[in-house]
Every structure is written in C-alpha cells, then in structure tokens.
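Results of the structural survey
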Amino acid sequence: MDAPVWFISLACLGALYVVALCARPLAYLALCLRRSKDLHRYGSWAIVTGPTSGLGRSMAMELARRGLNLVLLDLDAANLQETSQAIGVRHAVKIKTVVLDLALVTTPQGDEAIRRLREAIAGLDVGLLVNNAAVNTPGAVYLHEADIERFVRMIRVNLWGLTEVTAAVLPRMLARGRGAVVNVGSGSTVAVPSFPLYTVYSSTKKYVARFSRSLYVEYKSKGIDVQYQVPFYVHTRMLSSAVKAKLRPWFVATADEYTRTAARWIGSGPLCVPGAAQKLQWCLTGFVPDWAHDWYRIRLHLQHRAVTRGARRVVIPDGGSSSRGQLIAIGNSSSGGPN
Ligand SMILES: NC(=O)c1ccc[n+]([C@@H]2O[C@H](COP(=O)([O-])OP(=O)(O)OC[C@H]3O[C@@H](n4cnc5c(N)ncnc54)[C@H](OP(=O)(O)O)[C@@H]3O)[C@@H](O)[C@H]2O)c1
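Residues numbered from 1 in each chain as written. Predicted model: local features only at pLDDT ≥ 70, side-chain atom pairs only at ≥ 80, totals over all residues.

The protein chain is annotated in an unreviewed UniProt entry as Very-long-chain 3-oxoacyl-CoA reductase from Panicum hallii var. hallii. Within the UniProt record for the protein chain, the comment given under Sequence similarities (unreviewed entry) is "Belongs to the short-chain dehydrogenases/reductases (SDR) family." (UniProt positions renumbered as here; feature names shortened; annotations may be inferred.)

Structure follows, in structure tokens:
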C-alpha cells in the first residue's frame, strides 16, 4: 500500500530528528573512549595561573606528573615557593615562578609584571597555558550591596588578567605553530540561565566562555587549540563550608579527581565539562525550564547570602554575673558561592 507523501515527509523529518539527537551523545562517547592527547606535542613547558591552591595546584601537579616543565604564576611569592617545592619533591621537572597580581593589570605594576612574564617565557618551548586563577569574592550579594572595588578587582582578575596573560603567551605559540590554551570557566555559564547574587562573577565567566570560543575559531587553523573547561562544584577554598554542607557529596568532585579528567580533555574540542557526575548535572539541568531555574537559584543564593552576611554568633562570657552571656554577630568574610 502506497503511503501518502505527507506521511513519508513527516517520517523522514522524525528520523532526521532522532539521528540528530543520537549523533551528539555518540560523538561524545567516541571522545570519551579515545586516548588522551600527548601534551608534549604542544611543547615541553606549561604555564598555570593560580597554582597555589585548589584546581590550579592540582592541575600543576597533574601536568608535572605528565612530565611537563612549569611556569607558575600567582600573586604571592611565598605561596609560589611552597607550591614549587611541593611539586619538585614529587616530580623531576623544571619550575619557574612569576609573581603577578592579576588584579593589577592595566596599571604600571601590572604592565611590569606582564613584561617579567614575557621575559620568563622567552626562549622556552611553551606549549600549554592554563588560565585558572579567579576570585569569587564578595560572594552572594545584591549588586548594590558590595563595595564596588571588590567587583572591580574581580573583573580585573577574572577577565582582564586572563586576557592579558593570553595575549602575552600566544605569540610564542604562534611562532612555533602549535599550542593549547585552557580557560577555566564555570558551570554558571552553561547550565543555568541566570546566577543571581553572583552576577558579576558569573558574568566574568560568560566573557571567558565567549572569549574562548572565538579564540578557538581564530587560532584553530594556526595549530593552537583553545578550550573552555567548565567545572561545576569542586571542593576547593572557593566554596564556603556553608555551601559545601548543602551540596550532595556525589555531585562535588575533589580537585584531584577533577583535574585528572580535565587534563585528559585538553585539545579535544572548544568546550569540556570534565567528570561523569559533572556531565550528569549538565545534562539534567537541560531538562529544567528557565523559569524553574530562576525560581530555585534566587532562593538558594539568598540562603548563601544569609550565611555570607554574618550569621556567625559568638557568646562572650559576661564575667559570671549572668548565665546568658552576650551575643554578638561577626561578619563572615567567606567568599561563599557555587559556580
Ligand atoms: N571550586 C569550584 O567549585 C569551582 C567551580 C567552578 C569554577 N571554578 C573555577 O576554577 C578556578 C580555580 O578555582 P579554585 O576553586 O581552585 O579557587 P581557589 O582555591 O580560590 O584558587 C584560586 C587561585 O587563584 C589565585 N589568585 C587569586 N587572585 C589572584 C590574583 N589577583 N593574581 C594571581 N592569582 C590569583 C589564588 O592565589 P592565592 O592562593 O595566592 O590567593 C589561587 O591560587 C577558577 O577559575 C574558578 O572560577 C571553581
């Protein structure tokens, strides 16, 4: 029996839709099963910003484990020294350090520090740049509440600093026609439509997302792989204990777990969400309508704000004259938030 044309057309459309739906997960599965790239093919040195704690420290350790020499860039010389020693004890790699406060970019001191970075990498076979450093203070606040200077600092570190460091390193990669840049972003930019009360933080990361994707297209034909890596929740200093306490443990990776997977993905496409649990979160959030995300996020982040605003109460004994003591509230300096 001949089927009518409209039926065949609809069936073809349906089949195309199913193929398109399946193609993405299948392509992704293929990527998961492939062997990770040998990072040495980019060059023998890697630069990591913010390597003295959290993800940056784990990433520096992981890259050293893979035999890459390191240029570590951070704002505190003593922390850099301690981190270099900790890595040096475990892995026989060369390590250079550059003291650079990314909040000082576009100032004379910042320009001087960027000049020192250029000098430090001159003549090195720099293959990989991991732009990891970022700040998330003052945490969950309405825009009008916080000291504007803190937002300016956040924008300088998360956005301008990252841009300047990338611009300083790219010429060396271009000259050799190979290299990889990893920009560490945030789940707040890919999984949810808004990130209220962390608005400036998540907006800086949205910049990093667009910056990365456009650079990926710009430099792909020049042998340079640019990737935006997206952590969701990872146990580091950036998450306050109040936020950590509210999280389901199976959704929160340790820094070492995260970076082991993240390092495997370097060079594989413009965007990566490392780790199975983090990918699952990404997938699940895609089924939730925007209005429900917005409704939930503002409530959750208002709870963070309550903690951040100083719910800590300390009892001061009043010398025994009263059994009640004295209650005072202390402002909580914790940065708070999720990402
Ligand atoms: N933890 C999470 O759940 C999570 C989620 C999403 C995205 N992320 C992203 O992951 C990256 C690493 O964060 P983390 O959780 O590992 O945070 P972290 O433990 O606070 O580490 C941040 C690093 O950046 C450095 N840094 C801060 N300000 C700097 C400045 N002005 N100049 C130079 N270096 C500076 C810090 O140096 P000092 O130690 O000297 O201060 C530290 O080494 C960030 O890009 C963050 O946005 C984290």
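Turning to the overall build of the protein chain, a few remarks are in order. When its secondary structure is counted, the protein chain shows 10 helices and 11 strands. Counting every position in the protein chain, which comprises 339 residues, the buried fraction comes to 40%. For the protein chain, the share of sequence-separated contacts (at least 6 apart) that also reach a separation of at least 24 residues comes to 71%. (Helix = DSSP H or I, 4+ residues; strand = E, 2+ residues; numbered from the N terminus. Buried ≥ 20, exposed ≤ 12 C-beta atoms within 10 Å, placed from the backbone. Contact = placed C-beta atoms within 7 Å.)

The next subject is the nonpolar core. Counting 78 residues, the largest nonpolar core has A46, I47, V48, A60, L63 and L70 as the members making the most contacts within it. Among the elements that take part in this core, helix 5 (residues 148–176) stands out by supplying 8 residues, more than any other. If sequence neighbours within four positions are ignored, A60 has contacts with V48, P51, L70, L72, T83 and I87. (Core = buried A, V, L, I, M, F, W, Y, C linked by C-beta atoms within 7 Å.)

A word on the pairing of strand 2 (residues 69–74). Among the 6 residues in strand 2, 5 count as buried, and that is most of the element. Of the strand pairs in this sheet, strand 1 (residues 45–49) and strand 2 are connected by 5 bridges, and their pairing is parallel. Each bridged residue has a counterpart across the sheet, and for W45 the counterpart in strand 2 is N69. Regarding the hand of the β-α-β motif, the stretch spanning strand 1, helix 2 (residues 54–65) and strand 2 is right-handed. Looking at chain direction, strand 2 and strand 3 (residues 95–99) are connected through 5 bridges and run parallel. Note that in strand 3 the partner of D74 across the bridge is V99. After leaving strand 2, the chain enters helix 3 (residues 77–90) and then returns to the sheet as strand 3, a path that is right-handed. (Pairing = 2+ DSSP bridges. Right-handed = clockwise from strand over helix to strand, strands pointing away.)

Strand order in the open sheet formed by 7 strands is 3-2-1-4-5-6-9, and the pairing between neighbours is parallel. The sheet is open, and its two borders are formed by strand 3 and strand 9 (271–272), each paired with just one other strand. Note that strand 1 and strand 4 (residues 126–131) share 4 bridges and pair parallel. Note on strand 4: the bridge partner recorded for V48 is V130.

A few words on helix 10 (residues 290–308). Compared with the 27 Å implied by 1.5 Å per residue over 19 residues, the 26 Å span of helix 10 between its first and last C-alpha is a close match. By the burial criterion, the buried members of helix 10 are H301, H304, R305, V307 and T308. Summarising the axial view, the buried residues of helix 10 lie within an arc of 145 degrees, below the 170-degree limit, and thus occupy one face. Exposed residues on helix 10 whose side chains face more than 90 degrees from its buried face are W291, A292, W295, Y296 and R299. (Expected span 1.5 Å × (residues − 1). Arc of directions from axis to C-beta.)

Once that is clear, we can look at the environment of A113. Mapped onto the fold, A113 is located in helix 4 (residues 108–121). On the neighbour-count criterion, A113 (23 C-beta atoms within 10 Å) is buried. Separated by 14 residues in sequence, A113 and V99 have C-alpha atoms that sit 7.2 Å apart. Setting aside residues up to four positions removed in sequence, A113 forms contacts with V99, L100 and L104.

Our focus in this paragraph is the environment of R66. If you trace the backbone, R66 turns up in the loop between helix 2 and strand 2. In the structure, R66 is positioned 26 residues away from H40 in sequence and 8.6 Å away in space, judged by C-alpha atoms. Setting aside residues up to four positions removed in sequence, R66 forms contacts with L39 and A263.

The amide bond that connects T137 to the next residue, P138, takes the cis arrangement and shows omega of 20 degrees. Looking at the secondary structure, you find P138 in the loop between strand 4 and helix 5. Positive phi, normally seen in glycine, also occurs at T106, with a value near 70 degrees. In this structure, T106 sits in the loop between strand 3 and helix 4. One non-glycine residue, L197, adopts positive backbone phi at about 75 degrees. Turning to its location among the elements, L197 is positioned in the loop between strand 5 (179–184) and helix 6 (199–219).

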